[in-house]
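# Inside the fold
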Amino acid sequence: MKLSKGFWQTFKETPADAEIPSHKLMIRAGLIYKEAAGLYAYLPMGLRVIHKIENIIREEHNKADCYELAMTVLTPGELWHESGRWDKMEGQMLKIKDRAGRELCVSPTNEESVVDIFRKSINSYKQLPVCLYQINTKFRDEIRPRYGVMRSREFTMKDAYSFHLDKKCLDDGYEKMFHVYSNIWTRMGLKFIVVDADGGAMAFSGAKTQEFQVVAEFGEDKVMKCPECGYAANIEAAEGHRNLDFNTSGDLKLVDTPDKKTIEEVAGFLKVPEHHALKSVVYSSITGTEEEFILAMLLGDDELNEIKLKSYLGCDHLRVATDADFKRLDIPVGFIGPYNLQKGKFNVIYDREINMDAAYVIGGLSKDKHYMGFIPSRDDKNIQTADLRLVYEDDRCAVCKKGTLKEIRGIEVGHIFQLGDKYTKSMNVTVLDKNGKTVNPIMGCYGIGTTRTAAAAIEQNNDKDGIIWPVAIAPYDLHFVVISKNEEFMKMAGEVYGELRKAGLEVVMDDRNVGPGFKFKDADLLGLPLRLTLGERDYSKDQNFEIRDRRTGEVKKMKREKLVQEIKSWLEQKRAEEKKVSKV
RNA sequence: CGGAGCGUAGCGCAGCUUGGUAGCGCAUCUGCUUUGGGAGCAGAGGGUCGUAGGUUCAAAUCCUAUCGCUCCGACCA
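None of the values given here were measured: they were computed from a predicted structure. (Residues numbered from 1 in each chain as written. Chains lettered and ligands numbered in written order. Predicted model: local features only at pLDDT ≥ 70, side-chain atom pairs only at ≥ 80, totals over all residues. Heavy atoms only, no water.)

### Quick word on the overall build of chain A
What chain A contains, in helices and strands, is 16 helices and 33 strands. Taken along its principal axes, the extent of the C-alpha atoms in chain A is 95 × 65 × 50 Å. Contacts in chain A between residues at least 24 apart in sequence constitute 70% of all its contacts with a sequence separation of at least 6. In the form shown here, chain A has an accessible surface area of approximately 27000 Å², with 49% of it arising from carbon and sulfur atoms. Looking at charge distribution, chain A has the averaged site of its 88 positive side-chain charges lying 3 Å from that of its 91 negative ones. (Helix = DSSP H or I, 4+ residues; strand = E, 2+ residues; numbered from the N terminus. Contact = heavy atoms within 4.5 Å. Areas by Shrake-Rupley, 256 points an atom, 1.4 Å probe, with all protein chains shown as cover. Lys, Arg positive; Asp, Glu negative; His and termini not counted. Charge placed at Lys NZ, Arg CZ, Asp CG, Glu CD.)

Here it is as C-alpha cells:
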C-alpha cells in the first residue's frame, strides 16, 4: 500500500473513552472504528491483522483434520428451545422476530446449529470422531462492553465442535485440540498460560475445561499459578488452602454484641482473630421456577466465590439475598448464623476450609447477639461441605500442598470444553454403535476469540511509541519510509517498492508529502516488524538503505541489491525468536 | 440492572458557577516556504452546543424529561 493513496488515518491524541493500551492504540493506529458501544468496524489496516490470525487458526485446524463450515448467524428459536437454552441464555442473546412472527436469534455461539447439522448427516459410529469448525461473527448482548474489542458485543470467534463415540475418544480429541491451540498462539509469538476453568453455562459442572490466557498486565482475568508443581487455574476455579491456627475448645454461649454486624466489628469487639469467626452469606438459588435460600459459611476473612457455589449447586441463577428476602425470612441482617436455624428454610453449606472441630463465633439469629464457641461437628448435626472460597495470593497450592499460589493477569483468548452428552441428549442425537445399538455421541467444543486475540497481542507487545507486532500477525511486513521531494528519487523508491512486493513482501510505503518526523511517528505507532528508510540526505552520502527493527531498535545499512534477501532472512529470524516466547 | 461521571467542529478540550456575539489546539482545504523524529507563515471551510420540552426580553449556560457514551460490580471468546 502506498500511503499517499491508501485508506489509513492515524490519531495523535488518545480517544477519551479508551482505557487500556490495546484499545487506545487500535484507535490511534487506525485499525478500528467505533460504531456504538461495543460495536467496532475493522478498517482495512486492522482487518489484515484479523485475517492473519484467522489464517493461522485455519491452518492449524486443517492440519489436525478439522473441517471448516459456515453456519448461519441468524438461527431459529426452536433449536434453542429444544436444547433448553432459549431461556437460560436470557439477556445475553439478541432475539428478534421475522415478519411472520417466527423467533430467531443472532447466534452467541453455535452448539445447537452444529448438533442439528450433525444429526441430519451422521448415523454411524464409523463416521466418528469428527470435528467441525467455523470462523464467524457472534453477537452477545454484553451487560457491559468495554476495553474496545476486548469485550465487545459483536466479535468474531472461531468455534469448533467435536463428536465422539466414547469418553476415551473424547479425551483423545480434547488432547489434540489442546495442541492445536498451543500451536496457534505459539506461532503468533504470544506468551500464554493454560489454566483450569469453570464451565459456566456451556457445560455440565465438573466437565474438563481449560482456558488459554494471554498474559497481560491489564487482563480482565485473574489466574493463580503454583510455581512448585505448575498447577494453574482461573481464580474462578482455583483451589488453595490456608495455614491457620484454631481454637479447638470452648462452650457454646450467647453473648451481647451491640450494633456489631460485620466480622471486623464482631471479631474486634470479642477480641478474637477474624478467622475464628464464621461469615454467613445468604444467597438465593434459582432453577427453573424453584427458588431456594442458601446459607454459605466461610471463615471470617474469606470471600465467597460465587462461581464455585453456583457450579456446586448446579442452579440456573444465583443472586445475593436482598433486604426484602431478609424481611421475608424474618432474620436480622448482621446476626445470621447456622445454629438453631429453622430447618427447611436454608440449605446450609460450610466451606471446606473451616475446621469442623474448632470453635467459632457465629451470628446469634437475634439482634445484637452472637454465639461464641460454636463447634460445627458438635453443634450442627447436618454438615455439608464444599469448596466455596475465593483463593488469595500466597495460599498453599491444593495440588502439591507445598508451593504458594501466585497471581497472574491474563486475557482469555481460548477455551476448550468437554461437553459430554449435554446437547446430544437434550436434542436427541443418536448414532448406531458396533452392536447396532442406539447411543448418544459425546461432544467437545473449542473457542477462540479472534478479534480479542488481536487486542491481546497488542497488550503484550507495545511501548510508549505504539504497537510492536509479532511478525506472524502484523498487518504488513515492512514500513518503507521515503524522505525526499525529488522526483527522480521518488521514482527510484517506487521501483524498490515494486521489487520488494514482487519478492512477496507486504509493504506499506510512506510516500506522503509530510515531514520525516511525522512518518517515523506513524511507523512506530503502527508497529510493523521492520522499517526500511530511504532518505535523500543519507543515500546521497553512501547509497545505503537503512533497516530498523521495531522491537529492538537494531539498525542495519545496506545496498539496494541486498535488500530483499536481508529483509526476508531478518523476518524469518524474528519469527523464529517470537515462537520461543510461547507458554509459561 | 445497581453506583459514579460525561455529551460543545473529525479528534482532544475550554466556556456553564454568576444567562447577553460559540472559542482554543490538532486534523482538513488553498498558496508559498520546508524534508532524518508529529515543520513555518498567510488564508479558508466546518458546530440546530446530544434531543425534546420549560423558565426568561434573552439559554451551550437554569429546570424537567429523554437518548447516547464512559467508569466501578454480576456475564464471557
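Additional details are given in the paragraphs that follow.
### Focus: unusual backbone geometry
Note that the residue after Leu-128, namely Pro-129, is joined by a cis bond; omega there is -5°. For Pro-129, the location among the structural elements is in the loop between helix H5 (111-121) and strand S7 (130-139). One non-glycine residue, Asp-394, lies in positive phi territory at about 80°. Tracing the backbone through its elements, the reader meets Asp-394 in the loop between strand S21 (385-386) and strand S22 (396-397). Taking relative accessible area as the criterion, Asp-394 reaches 46% and is therefore assigned partly exposed. (Buried < 20%, exposed > 50% of the residue type's maximum accessible area, 1.4 Å probe, protein only.)

### Some details on the sheet that holds strand S32 (residues 545-549)
The mixed open sheet is built from five strands, whose spatial order is S30-S29-S31-S32-S33. The two strands at the open ends of the sheet, each matched to only one other strand, are strand S30 (507-510) and strand S33 (555-558). Taken pair by pair, the neighbouring strands of this sheet meet at an average axis angle of 20°, ignoring direction. Of the strand pairs in this sheet, strand S29 (residues 478-483) and strand S31 (residues 530-535) are connected by six bridges, and their pairing is parallel. Among the inter-strand pairings, Val-481 is bridged to a residue of S31, identified as Thr-533. Helix H14 (residues 516-526) contacts S29, S30, S31 and S32 of the sheet and is inclined by roughly 175° relative to S29. (Pairing = 2+ DSSP bridges. Axes fitted to C-alpha atoms, helices over the stretch in contact; angles between N-to-C directions.)

### Let's talk about the domain arrangement of chain A
Looking at chain A, the domain boundaries give domain 1 (46-222 + 406-460), domain 2 (253-386) and domain 3 (476-580). Computed over C-alpha atoms, the centres of domain 1 and domain 3 are 40 Å apart. Across the boundary between the two partners, domain 1 contributes five residues, which contact five residues of domain 3. The largest contributions to the domain 1 side of the interface with domain 3 come from Arg-48, Lys-52 and Thr-186, which together make up 69% of the buried area. Between the two partners, domain 1 and domain 3, sit two salt bridges. Residue Glu-506 is joined to Arg-48 by a salt bridge in which the shortest nitrogen-to-oxygen separation is 3.5 Å. The interface formed by domain 1 and domain 3 includes two residue pairs in polar contact (both at pLDDT 80 or more). (Domains from an automatic or database assignment. Buried area = accessible area lost by both parts, 1.4 Å probe. Salt bridge = Lys/Arg side-chain N within 4 Å of Asp/Glu carboxyl O. Polar contact = N/O pair within 3.5 Å; in protein donor to acceptor, adjacent residues only side chain to side chain.)

### Remarks on the side chain of Lys-138
Relative to the elements of secondary structure, Lys-138 occurs in strand S7. In this structure the side chain of Lys-138 is engaged in a polar contact, spanning 2.3 Å, whose partner is the side chain of Asn-136.

### Side note on helix H12 (residues 450-460)
Of all eleven residues making up H12, ten are buried, and the element is well covered by its neighbours. Every buried residue of H12 is accounted for by Thr-450, Thr-451, Arg-452, Thr-453, Ala-454, Ala-455, Ala-456, Ala-457, Ile-458 and Glu-459.

### Thoughts on the confidence of the model for chain A
On average, residues of chain A score 91 in pLDDT, and 98% of them are at 70 or above. Prediction confidence for the complex, expressed as pTM and ipTM, is 0.93 and 0.92 respectively. (pLDDT = per-residue confidence, 0-100.)

### Regarding the protein's contact with RNA strand B
Taken together, 52 residues lie around RNA strand B, and Glu-142, Ile-143, Arg-144, Lys-485 and Asp-524 are the ones closest in. Backbone sugar and phosphate groups make up 44% of those atoms of RNA strand B lying within 4 Å of the protein. Within the side chain of Tyr-147, a nitrogen or oxygen atom sits 3.3 Å from a phosphate oxygen of RNA strand B. Contacts to RNA strand B include Gly-449, whose backbone N or O atom sits 3.3 Å from a sugar or linking oxygen. Counting residues per element, the ones that place at least two in the surface near RNA strand B are strand S1 (32-36), strand S8 (154-164), strand S23 (406-420), H14, S31 and helix H15 (536-542). At seven residues, H14 tops the list of elements feeding residues into the surface near RNA strand B. A breakdown of the residues in the surface near RNA strand B according to their chemical character gives 19 nonpolar, eleven polar and 22 charged. (Near = heavy atom within 4 Å. Nonpolar A, V, L, I, M, F, W, Y, C, P; charged D, E, K, R; others polar.)

### Some words on the nonpolar core
Leu-31, Tyr-181, Trp-185, Phe-212 and Trp-469 are the most contacted members of the largest nonpolar core, which has 61 residues in total. When residues in this core are grouped by element, the largest group, nine residues, is from helix H6 (residues 167-188). In this structure, this core is formed jointly by two domains, domain 1 (46-222 + 406-460) and domain 3 (476-580), each of which donates at least three residues. Setting aside anything within four residues of it in sequence, one finds Phe-212 in contact with Phe-178, Tyr-181, Ser-182, Trp-185, Phe-192, Ile-193, Val-194, Ile-411, Glu-412, Val-413, Gly-414 and Ile-416. Formed by 25 residues, the second largest nonpolar core is a distinct cluster that contains Trp-86, Met-93, Leu-128 and Met-443. (Core = buried A, V, L, I, M, F, W, Y, C linked by side-chain atoms within 4.5 Å.)

### Quick notes on the environment of Leu-329
When you line up the elements, Leu-329 lands in helix H9 (residues 323-329). Note on Leu-329: relative accessible area 6%, which makes it buried. Distance in space between the C-alpha atoms of Leu-329 and Lys-345 is 7.9 Å, their sequence separation being 16 residues. The residues contacting Leu-329, other than those within four sequence positions of it, are Phe-293, Lys-345 and Phe-346.

### Examining the packing of helix H2 (residues 44-63) against H12
Packing of H2 against H12 brings their axes to within 9 Å, and their N-to-C directions diverge by 110°. Here H2 lies roughly perpendicular to H12, going by the angle between them. Crossing angle aside, the handedness with which H2 passes H12 is right-handed. The segment H2 lies against H12, with Val-49, Ile-50, Ile-53, Glu-54 and Ile-57 engaging Thr-450, Thr-451, Thr-453 and Ala-454. Residues that form the contact of H2 with H12 fall into these classes: five nonpolar, three polar and one charged. (Parallel < 35°, antiparallel > 145°, perpendicular 65-115°, else oblique. Left-handed = near helix turned anticlockwise from the far one by under 90°.)

### Section: the side chain of Asp-511
Within the fold, Asp-511 resides in the loop between S30 and H14. A polar contact of 3.4 Å, which involves the side chain of Asp-511, links it to the backbone nitrogen of Leu-3. If we skip the residues at most four places from it in the chain, Asp-511 touches Lys-2, Leu-3, Ser-4, Met-490 and Lys-519.

### Brief notes about the sheet that holds strand S6 (residues 103-106)
If you trace the three strands from one edge of the open sheet to the other, you get S4-S6-S5, paired in antiparallel fashion. Looking at strand neighbours, the two that pair on one side only are strand S4 (74-76) and strand S5 (94-97), the edges of this open sheet. The average undirected angle you get between the axes of adjacent strands in this sheet is 35°. Here S5 runs beside S6; their pairing, made up of four bridges, is antiparallel. The residue bridging Leu-94 from the neighbouring strand is Val-106, located in S6.

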